[in-house]
Amino acid sequence: QVQLVESGGGLVQAGDSLRLSCAASRETFRSSAMGWFRQVPGKERVFVAAVSQAGSADYADSVKGRFTIFRDNAKNTVFLQMTQLKPEDTAVYYCAARIAPSNVLYYRPGTYDYWGQGTQVTVSS
């Protein structure tokens, strides 16, 4: 079992930056592909960014050039650096993990094995 704990959410203004963190409970993190998703009430959880065990990354078109996902294996933590935030970025953000010792990226929620509890990000205009 892997526990994921997100932190770093909050209320910011449009154009501000925010960094989300997701700490994993076990060192299997190092063999895991990680992802960030977001969800607004009444809608499905959608892909934001992913990083493979080997460090490759990809992003949803809506956040490319503004968000950066990166991992610190020594701290069993994955981060989502968000810049130039927009009101439409408002959502609950979830991190997810899949035990996958490869360079594969995963984009669908159903492909992940473990989820955090979520952290609220609210961007005011």
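In the block above lies the structure referred to throughout.
Reference entry: report on the structure contained in this document. It should be emphasised that the depicted structure is a prediction, and the values quoted were computed from it without experimental measurement. The numbering scheme is per chain: residues are counted from 1 as the chain's sequence reads. Only residues with pLDDT of at least 70 get local features here, since the model is predicted, and only at 80 or more are side-chain atom pairs given and counted; chain-wide, interface and lining totals rely on the full set of residues. The basis for the side-chain values is all heavy atoms of the structure; hydrogens and waters are excluded.

## Points about the packing of aromatic side chains
Where two aromatic rings form a pair, the distance of their centres and the angle of their planes describe that pair.
No. 1: Ring pairs are drawn from Phe, Tyr and Trp, using the six-membered ring of Trp, whenever the two centres fall within 6.5 Å, and their geometry is named by plane angle: stacked under 30 degrees, edge-to-face over 60, tilted for the rest. According to the stated counting rule, one finds 7 aromatic pairs in the structure shown.
No. 2: A centroid spacing of 5.0 Å and a plane angle of 20° characterise the contact between Phe70 and Phe79, whose relative ring orientation is stacked.
No. 3: Through successive ring pairs, a cluster of aromatic residues spans Phe37, Phe47, Tyr106, Tyr107, Tyr112 and Trp115.
No. 4: Charge-over-ring contacts are defined here by two conditions on Lys NZ or Arg CZ: a distance within 6 Å of the ring centre and an angle within 35 degrees of the ring normal. Over the aromatic face of Trp115 sits the side chain of Arg45, whose NZ or CZ is 4.8 Å from the ring centroid.
No. 5: The ring of Phe29 has Arg71 lying over it, and the distance from NZ or CZ to the ring centre is 4.5 Å.

## Considering the state of the cysteines
No. 1: Count a disulfide wherever a pair of cysteine sulfur atoms falls within 2.5 Å. Per the stated rule, a full pass over the model turns up 1 disulfide.
No. 2: Sulfur-sulfur distance for the disulfide between Cys22 and Cys95 comes to 1.9 Å. Where Cys22 bonds to Cys95 through sulfur, the torsion about that S-S bond is close to 45°, and the disulfide is right-handed. Of the two residues, Cys22 sits in strand 3 (residues 18-24) while Cys95 sits in strand 9 (residues 91-99), which places them 73 residues apart along the sequence. Secondary structure counts use DSSP, requiring at least four H or I residues in a row for a helix and at least two E residues in a row for a strand, with both numbered from the N terminus.

## Comments concerning the pairing of strand 11 (residues 119-124)
No. 1: Whether a residue is buried, partly exposed or exposed follows from its accessible area with a 1.4 Å probe, protein chains only, as a fraction of its type maximum: under 20%, in between, or over 50%, in that order. Alternating residues of strand 11 divide into Thr119, Val121 and Val123, all buried, and Gln120, Thr122 and Ser124, none buried.
No. 2: DSSP-based pairing: two strands are paired if at least 2 bridges between them are found. Alignment of strand 2 (residues 10-13) against strand 11, held across 4 bridges, turns out to be parallel. Each bridged residue has a counterpart across the sheet, and for Leu11 the counterpart in strand 11 is Thr122.
No. 3: As paired elements, strand 9 and strand 11 share 3 bridges and run antiparallel to each other. Opposite Tyr93, over in strand 11, you have Thr119 as the bridge partner.

## A few points about the side chain of Arg38
No. 1: Mapping Arg38 onto the fold places it in strand 4 (residues 32-39).
No. 2: Note on Arg38: relative accessible area 11%, which makes it buried.
No. 3: Whenever a nitrogen or oxygen atom comes within 3.5 Å of another N or O atom, the pair is scored as a polar contact, on the condition that within protein one atom can donate a hydrogen and the other can accept it, and that pairs from neighbouring residues in sequence are kept only if both atoms are in side chains. A polar atom in the side chain of Arg38 sits 3.5 Å from the side chain of Ser62.
No. 4: Two residues form a contact once any of their heavy atoms are found within 4.5 Å. Each residue touching Arg38, except ones within four places of it in the same chain, is listed here: Glu44, Arg45, Val46, Val48, Ser62, Val63, Phe67, Glu88, Asp89, Ala91, Val92 and Tyr93.

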